[in-house]
Every structure is written in structure tokens, then in C-alpha cells.
Amino acid sequence: MKKIMILVMVVSSVSMALAQQASGVRHLSVTEYQRAIDSVKDEIIIDLRTPEEIRQGIITNARQIDFFGAGFEPAIAKLNKDKVYFLYCASGARSGETVVLMEKMGFKTLYNLNGGFREWLAKKMPVSEKK
């Protein structure tokens, strides 16, 4: 019985990983996210936090598109669907919703930061001031 439970857990984990790969969406830890940013040329980093939240700082070279702003969806729709996008918000919830939306819109390669900016700060990763 124990072996069956372990087998079910392994098969489930592999299935979820394969589904994630097939979708073009990757949910990454802080370390994986930074590594991916470093390995991709011409990446676009999108900060989905509000202007008030951005006062804490931003990930270097990030652009802001306020998830709660009136122009959120039109701004997303204007982006080039063939580019590589790295998204984050405060905790990972808004960026998680946004990668689902973008995937439905036809975006090909999307990375979401698990734990969001809070986790980024907790891991003492570099932060820039909003310009």
C-alpha cells in the first residue's frame, strides 16, 4: 500500500510538471527565476503591483503594469506575444492569474515568481528604486 501511494505521488508530480511545460508557463522559485532572467536575452520583466507597492522597490529593469489599474488588460493585450515575459506581484497571486490570462491570449513563454516580491526580498535579492 505504501509503494502504491508513493507511485501515485510520483506520477502526479510528473504529470503536473509535464502539463506546466506543455503550457509555456513556468512557476519558479526566486533562485530559478533569477537564473532564468540571467539566461534569457531580451526578457521583459513585468511588475504587477500598485504604485504604492512599488515604493518598496522593483526588480531591476521591471516595467509596471498595475493589475488593479483601468488599463491593465489593454496594456497586456498590446504586448508582443512572441517575447519572453517574467511576471511578479507582491505574493504571486496576481501574477499567477495574469500568466493564465496571457496564455489564453496566445503568449508563448511566461515565467511567474512563486511567492512574489515578498519572497524576492526575503531571499535578499537585488532591488532597484522605481524611476
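Residues numbered from 1 in each chain as written. Predicted model: local features only at pLDDT ≥ 70, side-chain atom pairs only at ≥ 80, totals over all residues. Heavy atoms only, no water.

(A) How the structure looks around helix 2 (residues 30–39). Buried residues of helix 2: Val-30, Tyr-33, Gln-34, Ala-36 and Ile-37, and no others. Here the buried residues of helix 2 occupy an arc of 160 degrees about the axis, which is enough to place them on one side. Seen from the buried face of helix 2, the exposed residues on the opposite side, beyond 90 degrees, are Arg-35, Asp-38 and Ser-39. Looking at the buried positions of helix 2, the neighbouring elements they touch are strand 1 (25–28), strand 2 (44–47), strand 4 (84–88), strand 5 (109–113) and helix 6 (116–122). (Buried < 20%, exposed > 50% of the residue type's maximum accessible area, 1.4 Å probe, protein only. Helix = DSSP H or I, 4+ residues; strand = E, 2+ residues; numbered from the N terminus. Arc of directions from axis to C-beta. Contact = heavy atoms within 4.5 Å.)

(B) Highlighting the sheet that holds strand 3 (residues 62–64). Taken in spatial order, the five strands make up an open sheet running 1-5-4-2-3, and their pairing is parallel. Each having just a single partner strand, strand 1 and strand 3 make up the two edges of the open sheet. With direction set aside, neighbouring strand axes in the sheet form an average angle of 25 degrees. Here helix 5 (residues 93–105) sits on the sheet in contact with strand 1, strand 4 and strand 5, set at roughly 170 degrees to strand 5. (Pairing = 2+ DSSP bridges. Axes fitted to C-alpha atoms, helices over the stretch in contact; angles between N-to-C directions.)

(C) Representation of the side chain of Arg-49 in the model. Assignment of secondary structure puts Arg-49 in the loop between strand 2 and helix 3 (51–54). Of note is the side chain of Arg-49, whose polar atom sits 2.5 Å from the backbone oxygen of Gly-57. Setting aside anything within four residues of it in sequence, one finds Arg-49 in contact with Ile-54, Gln-56, Gly-57, Ile-58, Gln-64, Asp-66, Tyr-88, Cys-89, Ala-90, Arg-94 and Phe-117. (Polar contact = N/O pair within 3.5 Å; in protein donor to acceptor, adjacent residues only side chain to side chain.)

(D) Region of interest: the nonpolar core. With 18 residues, the main nonpolar core has Tyr-33, Ile-45, Ile-59, Phe-86 and Tyr-88 as its most contacted residues. Breaking this core down by element, the ones donating at least two residues are helix 2, strand 4, strand 5 and helix 6. When residues in this core are grouped by element, the largest group, four residues, is from helix 2. Dropping the residues within four chain positions of it, Ile-45 is found in contact with Tyr-33, Ile-37, Ile-59, Thr-60, Asn-61, Ala-62, Arg-63, Phe-86 and Tyr-88. (Core = buried A, V, L, I, M, F, W, Y, C linked by side-chain atoms within 4.5 Å.)

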